[in-house]
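Structure at a glance
Listed here are the chains, written in short residue letters.
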Amino acid sequence: MFHAYGLYTHIQANRLRSLLLLAGFVVLLLALLFAVALLFEASQDGTLPQIMARALRDLEHGWPIAFGAAGLWFAIAYFFHQRLIDAATGAGDVSREDAPRLYNLLENLCISRGIPMPALKIIEDGALNAYASGVREGHYAVTVTRGLLETLDDVEIEAVIGHELTHIRNRDVQLMVVAAIFAGIFAFVGDLLFRNWGFRFSPKRTAEEGRDRGGASGAGLAIIIALAIIALSWGLSVLIRFAISRSREFLADAGSVELTKNPDAMISALRKIESNAIIPDMPSRMGAFFIESPTRKARALFSTHPSVDDRVAALVRYAGGRDMPKLEPPPPIEDHGPWEAQPAPVPGAPGFLPQDGRSPLDPPSHGPWG
């Protein structure tokens, strides 16, 4: 199913997969509404079948209001998502005067391919990372870290920019924003319920009341079912968001090679980014946007990105690139201070200074012939 041949047909097949995944959010939202109705009805008297029947009626009458609230949530996030993303990542706008090298590389690549110029943003952090964001034409942005700009050379930065432009061209950023919005709904409701913020009933108290009635009430079991549905929908929403991201990184790497005609630059950039991609205090919900996860590595099932080894292997196999050795993370720099004594030279060590303590300006003790 969804067999694809060639880059563009694979993009179309991947879009269809992503649309089906996003459609799953609608099903999860209905399940979430039913779970909330169960929790509400569990605070009333009745057996489990009675509680579930009332919850189904609540769902039938309440789903338009719930979907309207979700639509309002989506509308707010749609128009203000860039400010929310910038606030979460610490990104700031830059102009040509602020970063002429980066601006020129992006502009030249966009002009050569007829791509509208996105906005440029920089995160003032020494890590190597980048991401694209936006949901509609004229509001896209490419963001890089200061460390990436100062560490990578021009062809490598161009490869990273090509990767992010491919996310924009393939509408990946739209899907990621939408997925993040819906996942935020489940995370919010899950936090609210499991921490019992502001709810008029206590699950523990309600279960105890059911036992006081001689076990006739099914409130306790209804609460367990509702919490299980909420936990399952929450977990599935996160997995869907991760799956959307992982399935698109290979295409973005291939799209970068198509734009730049330089697979080696993409491989080199990925290897350098891999060695120093972690951004301290970056919210985990933003990890899927970046070219490489800015948070600590998770298990494969819960990772937002395929491994760099897999991505490089794909570029070597399908784009004819050449791999390079992995780079070790840079060691911490020790600040000795300007006046701290330096270690004495080791006798016999190679060097251009005399090893017997003489100054290079001292006259020789004997002539050139002994």
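Up top you'll find the structure we're talking about.
To start, this report covers the structure provided alongside it. What you see is a predicted model, and the numbers here were worked out from it, not measured in a lab.

Here we look at the nonpolar core
Core analysis: the largest hydrophobic core is formed by 47 residues, its most contacted members being Leu22, Phe25, Leu38, Tyr131, Met286, Phe289 and Phe290. Within the residue set of this core, elements represented by two or more residues are helix H1 (7-42), helix H2 (48-89), helix H6 (172-194) and helix H8 (219-260). Broken down by element, the residue count for this core peaks at twelve residues, all from H1. In contact with Tyr131, not counting residues within four places along its chain, are Ile85, Asp86, Thr89, Ala91, Ile123, Ala141, Val142, Thr143, Glu164, Phe289 and Phe290.

Quick notes on the sheet that holds strand E2 (residues 119-123)
Sheet architecture is open: four strands sit in the order E1-E2-E4-E3, paired in mixed fashion. The strands lining the two open edges of the sheet, one partner per strand, are strand E1 (91-93) and strand E3 (130-133). The sheet shows a mean angle of 30° between the axes of neighbouring strands, taken without regard to direction. Sheet strands touched by helix H5 (residues 154-169): E3 and strand E4 (141-145). Its angle to E3, the strand with the most contacts, is close to 25°.

Focus on the packing of aromatic side chains
Counting across every chain of the model gives two aromatic pairs. Here the aromatic rings of Trp63 and Phe67 are separated by 5.7 Å at their centres, their planes lie at 85°, and the arrangement is edge-to-face. Separated by four residues within a single helix, Trp63 and Phe67 lie in helix H2, roughly one turn from each other. On the basis of relative accessibility, which here comes to 43%, the residue Trp63 falls in the partly exposed class.

Cut-offs and rules
Position numbers for residues count from 1 along each chain, tracking the sequence in the order it is written. Reporting of local features is limited, given that this is a predicted model, to residues whose pLDDT is at least 70; pairs of side-chain atoms are given and counted only at 80 or more, and all residues count toward the totals for whole chains, interfaces and linings. Only hydrogens and water are set aside; all other atoms, that is, all heavy atoms of the structure, feed into the side-chain values. Take the buried residues of types Ala, Val, Leu, Ile, Met, Phe, Trp, Tyr and Cys, join any two whose side-chain atoms come within 4.5 Å, and each joined set is a nonpolar core. Only protein chains enter the calculation, and the probe is 1.4 Å; a residue is then buried if its accessible area is under 20% of its type maximum, exposed if over 50%, and partly exposed in between. Only DSSP runs of H or I reaching four residues or more are called helices, and only runs of E reaching two or more are called strands; each is numbered from the N terminus. In this analysis, two residues are considered to be in contact whenever any of their non-hydrogen atoms come within 4.5 Å of each other. DSSP calls a pair of strands paired once it identifies at least 2 bridges connecting them. Axes, fitted as lines to C-alpha atoms, cover a helix only where it is in contact. Angles between the N-to-C directions of the axes lie from 0 to 180 degrees. Note on aromatic pairs: the rings of Phe, Tyr and Trp (six-membered ring only in Trp) are paired at centre separations within 6.5 Å, and the planes decide the class, stacked below 30 degrees, edge-to-face beyond 60, tilted for the rest.

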